[in-house]
Amino acid sequence: IEAAVAAGADGILLTKAIGAEHVALAAEILDGTPLVIVAMVETAAAIPKLPEIARAPRVAGLLVGAEDLAAECHAAPDDELIVLAKRQMVLAAHAAGVAPFGTLGTVADYRDAERVRDLVVRSKRSGFVGATCIHPSLVPILNEGFSPSAAEVDLARRQVAAAEAAAQEGRGSFSVDGRMVDEPVLIRARRILAQAAPRG
């Protein structure tokens, strides 16, 4: 951790996080720095503690270590048992306002680019916002897959524009492409536009 601070890292990945108190200890070492923590849960005992871990000091994201968790549980890393743990992590992360990282399956076979692309699409639909990877060849696939597509950005722009036009006309309800648009849809649209905006 001290080496990460000295190197000017933005944050650390805290592996084998066993509870909020474990994260708090790491956070103490980071005191006086801007670094954040992504807590990686890799044991069955830590899964029920995900909500507390997500709210621990400096936590900016959560991740489930599928391979280690699967080994402990005598399960395959892409079994539904591990997917269940990952889905619980997504809920805990969003409830705490931190980022849920990962995919619904394993990316250990990084050579199968099409399978990884499909996995990223499904994971994004399930609320994941990004993922770690074990090989640099996956970075472009993850960046593309977790970024808004051109079609998503176009729809979001039209939804926000329609909301502004409806508000000027005093209308509370409206539709875009034949589908009703309400506040949850607009929240998603604004999030997509914010994510697609160039970073300065």
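Scroll up for the structure.
Let us look at the structure shown here.

Rules and cut-offs
- Residues numbered from 1 in each chain as written.
- Predicted model: local features only at pLDDT ≥ 70, side-chain atom pairs only at ≥ 80, totals over all residues.
- Heavy atoms only, no water.
- Core = buried A, V, L, I, M, F, W, Y, C linked by side-chain atoms within 4.5 Å.
- Buried < 20%, exposed > 50% of the residue type's maximum accessible area, 1.4 Å probe, protein only.
- Contact = heavy atoms within 4.5 Å.
- Axes fitted to C-alpha atoms, helices over the stretch in contact; angles between N-to-C directions.
- Helix = DSSP H or I, 4+ residues; strand = E, 2+ residues; numbered from the N terminus.
- Parallel < 35°, antiparallel > 145°, perpendicular 65-115°, else oblique.
- Left-handed = near helix turned anticlockwise from the far one by under 90°.
- Nonpolar A, V, L, I, M, F, W, Y, C, P; charged D, E, K, R; others polar.
- Pairing = 2+ DSSP bridges.
- Polar contact = N/O pair within 3.5 Å; in protein donor to acceptor, adjacent residues only side chain to side chain.
- Patch = residues over 30% accessible without salt bridge, like charges linked within 9 Å, V, L, I, M, F, W, Y side chains within 5 Å.
- Areas by Shrake-Rupley, 256 points an atom, 1.4 Å probe, with all protein chains shown as cover.
- Salt bridge = Lys/Arg side-chain N within 4 Å of Asp/Glu carboxyl O.

### A look at the nonpolar core
Okay, so step 1: Counting 41 residues, the largest nonpolar core has Val 23, Ile 37, Leu 50, Leu 62 and Met 89 as its most contacted members.
Okay, so step 2: If we ignore the near neighbours within four places in the chain, the residues touching Val 23 are Leu 14, Ala 17, Ile 37, Ala 39, Ile 53, Ala 56, Pro 57 and Val 59.
Okay, so step 3: Of all hydrophobic cores here, the second largest spans eight residues; its members include Val 176, Val 181, Val 185 and Leu 186.

### Points about the packing of helix 4 (residues 66-73) against helix 5 (residues 80-96)
Okay, so step 1: Following both chains from N to C, one finds helix 4 and helix 5 inclined at 130°, their axes separated by 10 Å at the closest point. Here helix 4 is positioned oblique relative to helix 5, judged by the angle of their axes. Crossing of helix 4 over helix 5 shows right-handed handedness. Residue-level contacts link Ala 66, Leu 69, Ala 70 and Cys 73 of helix 4 to Leu 81, Ile 82, Ala 85 and Lys 86 of helix 5.

### Thoughts on the packing of helix 6 (residues 113-125) against helix 7 (residues 139-146)
Okay, so step 1: Two numbers describe how helix 6 lies on helix 7: the axes approach to 9 Å, and their chain directions differ by 30°. Regarding helix 6 and helix 7, the two cross each other, and that crossing is right-handed. In contact with Ala 113, Val 116, Arg 117, Val 120, Ser 123 and Lys 124 of helix 6, helix 7 contributes Ile 141, Leu 142, Glu 144, Gly 145 and Phe 146.
Okay, so step 2: For the contact of helix 6 with helix 7, the class distribution of residues is six nonpolar, two polar and three charged.

### Some words on the sheet that holds strand 3 (residues 59-64)
Okay, so step 1: Overall, parallel pairing links the four strands, which are arranged 1-2-3-4 in an open sheet. Edge positions in the sheet fall to strand 1 (11-14) and strand 4 (99-101), since each of these pairs with one other strand and no more. Going across the sheet, the axis of each strand differs from the next one's by a mean of 20°, ignoring polarity.
Okay, so step 2: The pairing of strand 2 (residues 36-41) with strand 3 spans five bridges and is parallel.

### Digging into the pairing of strand 1
Okay, so step 1: The alternating pattern of strand 1 places Ile 12 and Leu 14 on a buried face and Gly 11 and Leu 13 on a face that is not buried.
Okay, so step 2: Of the strand pairs in this sheet, strand 1 and strand 2 are connected by four bridges, and their pairing is parallel. Its bridge partner being in strand 2, Gly 11 is matched across the sheet by Val 36.

### Notes on the environment of Leu 91
Okay, so step 1: When you line up the elements, Leu 91 lands in helix 5.
Okay, so step 2: Between the C-alpha atom of Leu 91 and that of Ser 126, which follows or precedes it by 35 residues, the distance is 9.9 Å.

### Topic: the side chain of Thr 33
Okay, so step 1: You can see Thr 33 is positioned in the loop between helix 2 (20-29) and strand 2.
Okay, so step 2: Side-chain polar atoms of Thr 33 contact the backbone oxygen of Leu 30, separated by 2.7 Å.
Okay, so step 3: Side-chain polar atoms of Thr 33 contact the backbone nitrogen of Leu 35, separated by 3.3 Å.
Okay, so step 4: Setting aside its immediate chain neighbours within four residues, Thr 33 contacts Val 5 and Arg 58.

### Topic: the environment of Ser 147
Okay, so step 1: Tracing the backbone shows Ser 147 in the loop between helix 7 and helix 8 (150-168).
Okay, so step 2: Spatially, the C-alpha atoms of Ser 147 and Gln 195 are 7.3 Å apart, while their sequence positions differ by 48 residues.
Okay, so step 3: Not counting residues up to four positions away in its chain, the partners in contact with Ser 147 are Lys 124, Glu 152 and Gln 195.

### Topic: a nonpolar patch on the surface
Okay, so step 1: Together, Ile 1, Val 5 and Ile 29 give the surface a local cluster of nonpolar side chains, amounting to about 220 Å² of exposed area.
Okay, so step 2: Along the chain, the position of Val 5 falls in helix 1 (residues 2-7).
Okay, so step 3: On the basis of relative accessible area, Val 5 is assigned to the partly exposed category, the value being 31%.

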